[in-house]
Amino acid sequence: MGDPAAVMLTGLRALGPYFAVGSHDPGSPVTAPWRPLSDLLGSSAALGERAGQVRAALARAGGLAPGQVEFRAAASVSHLGLAARLFAPAFGAALLGRRVLPFDPDQARWVPAEGSLFPLSVPGTDLEGAGDRDALALSVGLTRRWLDG
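In short, a report on the structure. Treat the numbers as computed from the prediction; the structure is a model and nothing was measured.

## Details of the overall build of the protein chain
Then, number 1: On a plain count of helices and strands, the protein chain comes out with 5 helices and 4 strands.
Then, number 2: For the protein chain, the α and β elements follow one another from N to C terminus as α-β-β-α-α-α-β-β-α.
Then, number 3: With respect to the three principal axes, the spread of C-alpha positions in the protein chain is 50 × 35 × 25 Å.
Then, number 4: A buried classification covers 34% of the 149 residues belonging to the protein chain.
Then, number 5: Considering only residue pairs separated by 6 or more positions, the protein chain has 74% of its internal contacts joining residues 24 or more positions apart.
Then, number 6: Surface accessibility of the protein chain: about 8200 Å² in total, with carbon and sulfur atoms responsible for 60%.

What follows is the structure in structure tokens.
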């Protein structure tokens, strides 16, 4: 059947760009252009910077000056894009592997990029494991990880 992590990576890519992730060795040093995802999620300044980038992109796409796009609208779009980008691989892993992706923001990495399809990488060990959960166990696991966590 092959390497479970490679099979999961291939399956996630097949679902589409929001689901696709890269992988890295757990505990390996973070090298540019990659950044720890926890740096983005744990800092209001970093989230504000991200919203500013989205604001500039929205303005550019609409032929406007950045000040013509309300910051709160850009923050909302940033939030939705970030949530979609982070949840999609977890949902895909549940569909493909019948397992909950053990997502750890301290171990996940991202590359700042325009738009919500920024590169995302998780430890390869997160992609391994048996998928033996039934639908109820999957829904409970996803709820605990993504709504209660």
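## Some points on the side chain of Arg99
Then, number 1: With respect to the element layout, Arg99 can be found in the loop between α4 (71-97) and β3 (109-110).
Then, number 2: Asp126 provides the closest opposite charge to the buried, unpaired Arg99, separated from it by 6.8 Å.
Then, number 3: A distance of 2.6 Å separates a polar side-chain atom of Arg99 from the backbone oxygen of Glu128.

Reading the values: the criteria
Residues numbered from 1 in each chain as written. Predicted model: local features only at pLDDT ≥ 70, side-chain atom pairs only at ≥ 80, totals over all residues. Heavy atoms only, no water. Helix = DSSP H or I, 4+ residues; strand = E, 2+ residues; numbered from the N terminus. Buried < 20%, exposed > 50% of the residue type's maximum accessible area, 1.4 Å probe, protein only. Contact = heavy atoms within 4.5 Å. Areas by Shrake-Rupley, 256 points an atom, 1.4 Å probe, with all protein chains shown as cover. Lys, Arg positive; Asp, Glu negative; His and termini not counted. Salt bridge = Lys/Arg side-chain N within 4 Å of Asp/Glu carboxyl O. Polar contact = N/O pair within 3.5 Å; in protein donor to acceptor, adjacent residues only side chain to side chain.

Function-wise, these values are silent; they only describe arrangement.
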